[in-house]
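Coordinate inspection notes
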Amino acid sequence: MVKIGKYSVKEWWARFRHWQVTPTKLETREAFEQHECINCGESFDGAFCPYCGQSAKTSRLTLRNALSNILDVWGLGTRSMPRALWHLLFRPGHMIADYLCGHRRPYFPPFKMLFVLTATALLLSHLLPDGEAPAQPSRPVERAEVAAPPTTAGEEAVPVTPKESAEQPSMNETQRVTRIIYDMWNLAMEKIPASPAMLLLGWQFLFALSTGVFFRRSPRMGCVTFTEQFYAQVLIACQMQFLSILYMLITFSGTEGYQMNIPFRYMVAYALIDYKQLYGYGWWGTLWRSALTYALTGVLVMLLAFIVTIFVVLTM
Ligand SMILES: [Zn+2]
């Protein structure tokens, strides 16, 4: 038997599995330890004063607790962001199930976390060299080279632009509507600073509607409400955003924009693990439910685009 340190590989795996399914415990109860609240003088046993709510750990100000107060602001204290992210990487579905079942205190609040992560991802994609940029301009060049005969290569390239601009006034209705929607979209993205995170939330709303259809009654969670499914989706979005941050750091490139900087196949694979752990179906049950969830979300997005188009056409 191969041993790594104290345990064999199989034992390490068993320990990992055990950690995965066990909810995190923050404080071990110091039973029967008497405290006197330094705020109101109440005598009590427990972690917090039952009268005023101040922590039993509160003491005179030291550099150490000043630092921990500062860390709390940045999500590194009690409601820890690193812990939440670590768990979203290695026991995502179990962590989300814990969160929904009431284990809130160990983890950073999901909505705040999504905004922080999205801001971080945007900053990174701005700072890192563009991953897609070198590939994009090369494609039209190749096409032009293939299409144009060698003798007229120079002449062929010139008339294309006037031709296109000449066509612009006679744009048909569909192109006009598309153009307006596109402009409105760009304007919205420009004007709302938090829009990438809002957009993600919009997606999660649609995903929650779909999981509500296919994962409503599950072996692990029983009956789940829409709100719970929305929270689960927000945590999954945090996970995906964190994964795309890691992906950008590993590949040392990032594309600026409103998409996640991680290939779709990785997102799908991770979502499958999320859903399996969270809802407790087998691999096959998770697979077809996830596929239908994606399909329904796609239909909802198209429906939404259709409604927006109708709205734009009617108000023109
Ligand atoms: Zn007190």
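Residues numbered from 1 in each chain as written. Predicted model: local features only at pLDDT ≥ 70, side-chain atom pairs only at ≥ 80, totals over all residues. Heavy atoms only, no water.

This paragraph deals with the overall build of the chain. Scanning the chain for helices and strands turns up 13 helices and 6 strands. Counting across all 316 residues of the chain, residues that qualify as buried make up 30%. A total accessible area of about 20600 Å² is found for the chain, and carbon and sulfur atoms account for 65% of it. (Helix = DSSP H or I, 4+ residues; strand = E, 2+ residues; numbered from the N terminus. Buried < 20%, exposed > 50% of the residue type's maximum accessible area, 1.4 Å probe, protein only. Areas by Shrake-Rupley, 256 points an atom, 1.4 Å probe, with all protein chains shown as cover.)

Here we take up helix 4 (residues 92-100). Across the 9 residues of helix 4, 9 count as buried, placing the element largely inside the fold. Looking only at helix 4, the buried set comprises Pro92, Gly93, His94, Met95, Ile96, Ala97, Asp98, Tyr99 and Leu100. Of the surrounding secondary structure, the elements contacted by the buried residues of helix 4 are helix 1 (9-21), helix 3 (81-90), helix 5 (110-127), helix 11 (226-251) and helix 12 (264-279). Looking one or two residues beyond helix 4, the residue adopting positive phi is glycine 102, at roughly 115 degrees. (Contact = heavy atoms within 4.5 Å.)

Counted according to the given criterion, the structure contains 2 salt bridges. Of the charged contacts, one joins aspartate 183 and arginine 179 as a salt bridge, the two residues approaching to 3.9 Å between their closest N and O atoms. Residue aspartate 183 and its partner arginine 179 are located together in helix 9 (residues 173-191), separated by 4 residues, close to a single helical turn. With relative accessibility at 37%, the residue aspartate 183 sits in the partly exposed group. Given a relative accessible area of 43%, arginine 179 falls into the partly exposed group. (Salt bridge = Lys/Arg side-chain N within 4 Å of Asp/Glu carboxyl O.)

When two helices pack together, their arrangement is given by the angle between their axes and by how far apart the axes lie. Direction vectors running N to C along helix 1 and helix 3 enclose 120 degrees, while the axes themselves pass 11 Å from each other. Between helix 1 and helix 3, the interaxial angle falls into the category oblique. Crossing hand, helix 1 versus helix 3: left-handed. From helix 1, Phe16, Trp19 and Gln20 reach across to helix 3, where they touch Trp86, His87 and Phe90. For the contact of helix 1 with helix 3, a count of residues per class yields 4 nonpolar, 2 polar and no charged. (Axes fitted to C-alpha atoms, helices over the stretch in contact; angles between N-to-C directions. Parallel < 35°, antiparallel > 145°, perpendicular 65-115°, else oblique. Left-handed = near helix turned anticlockwise from the far one by under 90°. Nonpolar A, V, L, I, M, F, W, Y, C, P; charged D, E, K, R; others polar.)

Before going further, it helps to examine the coordination of the zinc ion. Looking at the zinc ion, the protein donor atoms are Cys37 (SG), Cys40 (SG), Cys49 (SG) and Cys52 (SG), and they sit 2.2 to 2.4 Å from it. Taken together, the 4 donor atoms coordinating the zinc ion span angles of 102 to 116 degrees at the metal, a pattern that classifies the geometry as tetrahedral. Between consecutive donors of the zinc ion, the numbers of intervening residues give the motif C-x2-C-x8-C-x2-C. (Donors = N, O, S within 2.8 Å, 3.2 Å for Na, K, Ca; no water. Tetrahedral: all angles 85-135°; square planar, octahedral: opposite > 155°, others 65-115°.)

Honestly, it's all geometry; don't read function into it.
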